[in-house]
Amino acid sequence: MNGPVCVSVINMKGGVGKTTIAALLAEYASVDLGLEVLAVDLDPQANLSQALMRDYQEFLDEKRPSIVELFAGYSPPRPNKSSPSSLNLDDVLVRTTSFGGSRLALIPSRFDFSDNLIESVKPDAQVLATLIANEFQDRDLVIIDCAPTESIFTQAAYHASRYVLVPVKPEYFATIGFPLLKDSLDNFRAHNRGHSIDVAGIVINNSTYHYSGNGGPERARAIVELEREAERNHWRIFDRQIPLSRGFPKMMRGDFTYRGDAVQFDYFAEEFFEHILGESTHDGKQRET
């Protein structure tokens with residue numbers, strides 16, 4: 001493989017489970033497939049960082065470097081440093097061990113002061129792409145968790161990515177973010193004609209509901225709308241859907257001992273990686289359930 005495959009997980013509509021999907025794809029790739037994975041948190045809420053870091057509050061308290069410092073290009077004064085200093089990538093990179101094993105690393109987010117960064121200096125949207133090009137060519141996969149809004153960080157994700165994965169829930173207004181995302185991608189392509197970026201597909205999350213079997217008529221209507229919009233945009237819908245399961249909160253806490261219906265996530269992950277990597281995932285390590 002010639003450098004990592006870079007994927008942004010994004011939808012311009014919030015509440016679709018993109019952070020959970022990003023985290024579990026990174027975990028599956030590193031543990032089940034044995035890939036070297038970099039996860040990047042570009043969401044101001046920093047949910048991916050909180051999921052992959054068991055010491056996140058300590059990280060905040062110590063004001064350790066994050067994605068924000070990478071965009072700024074330096075490390076500001078901290079309790080143990082009395083002046084700005086050059087940024088050491090090893091200080092930013094978090095090696096996760098409890099969630100994705102030794103093959104998964106994270107660039108965390110500390111967006112509590114990102115507004116000041118954006119207002120004082122316009123960030124360079126190509127910083128993340130340059131960092132991956134220069135420092136992470138030995139990785140197999142980069143997973144970028146994006147905010148559900150258009151911003152300079154969305155553009156940064158595009159510059160770094162070959163593929164976009166779009167999670168949706170089969171509910172009313174399921175496709176409300178599609179036109180915004182399509183316009184955003186079209187605008188990026190128009191200004192970056194040498195850059196290939198494609199929608200890898202749409203994954204339907206929480207595809208069934210415990211209280212009503214197959215989800216009832218509202219789910220059926222939402223699926224019709226999703227299929228119509230996907231066809232209009234020439235976006236595929238992955239065959240494997242992600243079920244509603246109480247196992248997902250456990251998995252996000254790093255507990256994979258008993259996953260219940262959440263075990264079906266592996267079927268989607270296998271289909272997804274077969275699509276973007278062009279190879280079967282059957283040779284990966286099988287986790288006991």
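Above this text you will find the structure in question.
Since the model is a prediction, treat every value here as computed from it, not as a measurement.

Things to note about the overall build of the protein chain
Right, on to step 1. Per the secondary structure count, the protein chain includes 12 helices and seven strands.
Right, on to step 2. Expressed as a percentage of its 289 residues, the buried residues of the protein chain come to 53%.
Right, on to step 3. Long-range pairs, those at least 24 residues apart, make up 78% of the contacts in the protein chain between residues at least 6 apart in sequence.
Right, on to step 4. Per element, the accessible surface of the protein chain, about 13500 Å² overall, is 46% carbon and sulfur.

Here's the deal with the pattern of salt bridges
Right, on to step 1. This model, assessed by the stated rule, comprises 13 salt bridges.
Right, on to step 2. A salt bridge links Lys18 to Asp43, with the shortest nitrogen-to-oxygen separation between them at 2.8 Å. Here Asp43 lies in the loop between strand 2 (37-42) and helix 2 (47-52) and Lys18 lies in helix 1 (residues 18-31), a separation of 25 residues in the sequence.
Right, on to step 3. Lys18 gets classed as buried once you look at its relative accessible area, which sits at 7%.
Right, on to step 4. Here Asp145 and Lys18 are joined by a salt bridge, their closest N and O atoms 3.2 Å apart. Taken together, the positions of Asp145 in strand 5 (residues 141-146) and Lys18 in helix 1 put the pair 127 residues apart, joining distant regions of the chain.
Right, on to step 5. A network of salt bridges, in which partner residues are shared, links Lys18, Asp43 and Asp145.

Points about the nonpolar core
Right, on to step 1. Core analysis: the biggest nonpolar cluster contains 46 residues, and Leu25, Leu165, Phe268, Phe272, Phe273 and Ile276 have the highest contact counts within it.
Right, on to step 2. Take this core: its biggest share by element is eight residues, from helix 1.
Right, on to step 3. Ignoring any residue separated from it by four or fewer positions in sequence, one finds Leu25 in contact with Ile143, Leu165, Phe265, Phe268, Ala269, Phe272 and Phe273.
Right, on to step 4. In this structure, Val40, Val68, Leu128 and Ile197 belong to the second largest nonpolar core, which totals 44 residues.

Re the pairing of strand 7 (residues 198-204)
Right, on to step 1. With six of seven residues buried, strand 7 lies mostly within the body of the structure.
Right, on to step 2. Pairing geometry for strand 6 (residues 163-168) and strand 7, over six bridges, is parallel. Within strand 7, the position partnered with Val168 by the bridge is Ile204.
Right, on to step 3. Handedness of the crossover is the feature at issue here: the chain leaves strand 6, passes through helix 9 (residues 178-191), returns alongside strand 7, and the resulting connection is right-handed.

Focus: the side chain of Thr96
Right, on to step 1. On the secondary structure map, Thr96 appears in the loop between strand 3 (94-95) and strand 4 (104-107).
Right, on to step 2. A polar side-chain atom of Thr96 sits 2.8 Å from the main-chain carbonyl oxygen of Leu104.
Right, on to step 3. Excluding anything up to four places from it in sequence, Thr96 contacts Leu52, Gly101, Ser102, Leu104 and Leu106.

Looking at the pairing of strand 2
Right, on to step 1. Burial analysis of strand 2 places six of its six residues in the buried class, which makes it a mostly covered element.
Right, on to step 2. A two-sided burial pattern is seen for strand 2, the buried positions comprising Val37, Ala39 and Asp41 on one face and Leu38, Val40 and Leu42 on the other.
Right, on to step 3. For strand 2 and strand 4, the ladder comprises four bridges, and the chain directions are parallel. The residue bridging Val37 from the neighbouring strand is Leu104, located in strand 4.
Right, on to step 4. Across six bridges, the pairing between strand 2 and strand 5 is parallel.

A short note on a nonpolar patch on the surface
Right, on to step 1. On the surface, Tyr172, Phe173 and Ile176 cluster together into a nonpolar patch covering about 340 Å² of accessible area.
Right, on to step 2. Position of Tyr172 relative to the elements: it lies in the loop between strand 6 and helix 9.

Points about unusual backbone geometry
Right, on to step 1. A positive phi angle is found at Phe173, which is not glycine, with a value near 65 degrees.
Right, on to step 2. Examined against the element boundaries, Phe173 turns out to sit in the loop between strand 6 and helix 9.
Right, on to step 3. Positive phi, normally seen in glycine, also occurs at His234, with a value near 65 degrees.
Right, on to step 4. Secondary-structure assignment places His234 in the loop between helix 10 (216-233) and helix 11 (247-252).

Calculation notes
- Residues numbered from 1 in each chain as written.
- Predicted model: local features only at pLDDT ≥ 70, side-chain atom pairs only at ≥ 80, totals over all residues.
- Heavy atoms only, no water.
- Helix = DSSP H or I, 4+ residues; strand = E, 2+ residues; numbered from the N terminus.
- Buried < 20%, exposed > 50% of the residue type's maximum accessible area, 1.4 Å probe, protein only.
- Contact = heavy atoms within 4.5 Å.
- Areas by Shrake-Rupley, 256 points an atom, 1.4 Å probe, with all protein chains shown as cover.
- Salt bridge = Lys/Arg side-chain N within 4 Å of Asp/Glu carboxyl O.
- Core = buried A, V, L, I, M, F, W, Y, C linked by side-chain atoms within 4.5 Å.
- Pairing = 2+ DSSP bridges.
- Right-handed = clockwise from strand over helix to strand, strands pointing away.
- Polar contact = N/O pair within 3.5 Å; in protein donor to acceptor, adjacent residues only side chain to side chain.
- Patch = residues over 30% accessible without salt bridge, like charges linked within 9 Å, V, L, I, M, F, W, Y side chains within 5 Å.

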